[in-house]
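# A closer look at the structure
Listed here are the chains, written in short residue letters.
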Amino acid sequence: MSAAEARLLTLRGVSRRFADAPALEALDLDLRRGEFLSLIGPSGCGKSTALRLIAGLIAPTSGAIEWAGGARPEIGFVFQTPTLMPWADVRTNVFLPLRLEGRSWRKARARVEAALERVGLADRARAYPRELSGGMAMRVSIARALVSEPSVLLMDEPFAALDEITRFRLNDDLARIVRDSATSVVFVTHSIFESVYLSSRVAVFSQAPGRIVETLAIDAPQPRDPDFRLSPLFSLYARRLADALNRTEGAP
Amino acid sequence: MTAPAPRARLRDYVLPLVVFALALGVWEFAVRFWRIEPFVLPAPSAICASLVADWPILSAALRVTLATTAKALALATAGGVGLALVFAQSRWIERAFLPFAIVLQVTPVIAIAPLLLIWLDQETAVLVCAFLVAFFPILANTAMGLASTDRGLVELFTLYRASRWRTLTRLKLPAALPYFLNGLRIGGGLALIGAIVAELAAGAAGKGAGLAFRIAEAGYRLNIPRMFAALALVSLAGLAIYGTLALVSRLALRRWHESALHPDA
Ligand SMILES: Nc1ncnc2c1ncn2[C@@H]1O[C@H](COP(=O)(O)OP(=O)(O)OP(=O)(O)O)[C@@H](O)[C@H]1O
Ligand SMILES: [Mg+2]
């Protein structure tokens, strides 16, 4: 498979302005099939905007977003906030993507339960969003994104609200899910360690308006396991990424 | 901050009742002590006696007024929600028709009533008046609820390519429910006021005589105890409508909406 063939998504010179302030400027980015791509950069540099552009929720002011094969594939999106329906319990929220596909609860039930199991919330299926902690709500939102088994997963700081242990566990789960299902992921994070651990590539954004100033390939063997966190290779990449980030923070 | 449950119950339910009973006692005592004439201020006991004696007339009037209120509220709900849905489909339609609704809202119903009484038969005119005042809060609240659906959820539905219809039924309507119920509660009280005002303006007797007509009639005849009895029934009807709609709202929003939650739940 050549590099061109493997490419799933291409953004060429994509810019987006809000009112009169540019949020993203001339963004060039590609996503390969089965790849785990992280976006990292200072707050307000346009990472969430980039995800929303990719998902087709907003249109670029200029530039082109092209999917291999023409049409946008099915996407799972984890927003920066949980974005749950407050009138529906946890399992109904997770069921939503399947319901919108026209599936009955009877047929979808097993998948909803499996998705909740994955994020460790099987026992809270009947709870309502207001009864959940922030981290739990976020995990429900992750289960909802996974339940339809999308071929592309866009995640906007999904683990930011979680404690370290849960975060590590979900990192491992996510790595496994992605490996097993050949899902392509675009993952926004502020954590250097998380992005090195999970990614095949990390794109570093500049200060607003965002551009990609550096792309770092993490050439470590897949699948990654917890030992990788302790390896010299991991430290090496973490150091390199931190340097790249420092350069952008320093730049005007 | 949280008072123990029995104390809270005492404060929330028992205390108002005790104070109300005390006020009635003071009133009764004052009327007897100073020998106030019944046509100036009847004692609570006299009002109760009138309520019992005049029950056939008063209960018929109560039924008329309540029926008008209920019909008006039903029509206002259908109309208000319907128009809010139409407004939600297109900003153009909203811009075109909202001014009419606002003009009807800001014009006092008492000023419209005489005109309606010329155009329509009395029963319909009263109904239309009650409808007009109840309609706007339901429309305005529902429209606001439909418009303030969580942007993120709207995007989520877009992402999953949900149809307009699905987005409406599964997202916008549930999201608007608390707003609608709030409008309904306001509209319920206003429908009663509208009905009373229109009955007063109509002023005619007949089989359609409501509570307001009985109040006016008793006033002309200086039958002040009956006037008070009818007034008490109007208040009770208002309380009952408010209580029912508040209960409906509480039950519907029990699980999810902050306004329906007990403070220490
Ligand atoms: N809907 C919007 N309307 C106006 N401005 C917006 C909108 N969405 C984003 N912006 C602006 O675009 C810029 C980029 O925002 P974005 O949310 O993409 O940043 P981010 O990189 O995700 O930041 P963070 O790491 O804090 O989440 C910000 O200056 C923000 O104010
Ligand atoms: Mg963001």
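Preceding this paragraph is the structure being described.
First, a word on scope: everything that follows refers to the structure included in this document. Every chain's residues receive numbers from 1 upward, in the order its sequence appears when written. Chain labels run from A onward and ligand labels from 1 onward, assigned in the order the entries are written. The predicted origin of the model limits local features to residues at a pLDDT of at least 70 and limits the giving and counting of side-chain atom pairs to 80 or more, whereas totals for whole chains, interfaces and linings rest on all residues. Computation of side-chain values: all heavy atoms of the structure, hydrogens and water removed.

### Brief notes about the overall build of chain A
Each helix is a run of DSSP H or I of at least 4 residues and each strand a run of E of at least 2, with the numbering of both proceeding from the N terminus. Scanning chain A from terminus to terminus reveals eight helices and nine strands. Against the compact-globule benchmark of 18 Å for 252 residues, chain A has a radius of gyration of 18 Å, which places it among compact chains. The dimensions of chain A, computed from C-alpha atoms along their principal axes, are 50 × 45 × 40 Å. Each of the 252 residues in chain A was classed as buried or not, and the buried ones make up 54%. Any two residues having at least one pair of non-hydrogen atoms within 4.5 Å are treated as being in contact. For chain A, the proportion of contacts with a sequence separation of at least 24, taken over those separated by at least 6, is 68%. Areas reported here follow the Shrake-Rupley algorithm with a probe of radius 1.4 Å; residue values treat only the protein chains shown as occluding. Accessible surface for chain A amounts to roughly 11,000 Å². Of this, 51% is attributable to carbon and sulfur atoms. Residues scored as charged are limited to Lys and Arg (positive) and Asp and Glu (negative), so that His and the chain ends carry no count. The atoms used to mark charge sites are NZ of Lys, CZ of Arg, CG of Asp and CD of Glu. Each charge class in chain A was averaged separately, 33 positive and 29 negative side chains, and the resulting centres sit 5 Å apart. This radius of gyration counts C-alpha atoms alone. The globule rule is 2.2 Å times how many residues there are, raised to the power 0.38. With a 1.4 Å probe rolled over the protein chains alone, any residue whose accessible area is under 20% of its type maximum counts as buried; one over 50% counts as exposed, and the rest are partly exposed.

### Side note on the site of ligand 1
Residue and element names in this part refer to chain A. Summary of the distance rule: residues count as near a molecule or strand when at least one heavy atom falls within 4 Å of that molecule or strand. Close contacts around ligand 1 come from Phe-18, Ala-23, Ser-43, Gly-44, Cys-45, Gly-46, Lys-47, Ser-48, Thr-49, Gln-80, Glu-157 and His-190, and that covers them all. Between ligand 1 and Thr-49, the relevant distance is 2.5 Å, taken from an oxygen atom to a side-chain nitrogen or oxygen of the residue. The definition of a polar contact used here is a pair of N or O atoms within 3.5 Å, where within protein one atom must be able to donate a hydrogen and the other to accept one, and adjacent residues in sequence count solely through side-chain atom pairs. Gln-80 has a polar side-chain atom sitting 2.9 Å from an oxygen atom of ligand 1. Summarising the interface, the protein chains cover 61% of the accessible area of ligand 1, which totals 640 Å² for the free molecule.

### Digging into the coordination of the magnesium ion (ligand 2)
All names here are of chain A. Any N, O or S atom lying within 2.8 Å of the metal counts as a donor, and for Na, K and Ca the limit rises to 3.2 Å; water is left out, so some sites can look incomplete. Bound to the magnesium ion (ligand 2) on the protein side are Ser-48 (OG) and Gln-80 (OE1), at distances that span 1.9 to 2.3 Å. Here Ser-48, found in helix H2 (residues 47–55), pairs with Gln-80, found in the loop between strand S5 (75–78) and helix H3 (90–100); they are 32 residues apart in sequence, far enough to count as distant. Residue classification places Ser-48 among the partly exposed residues on the basis of a relative accessible area of 23%.

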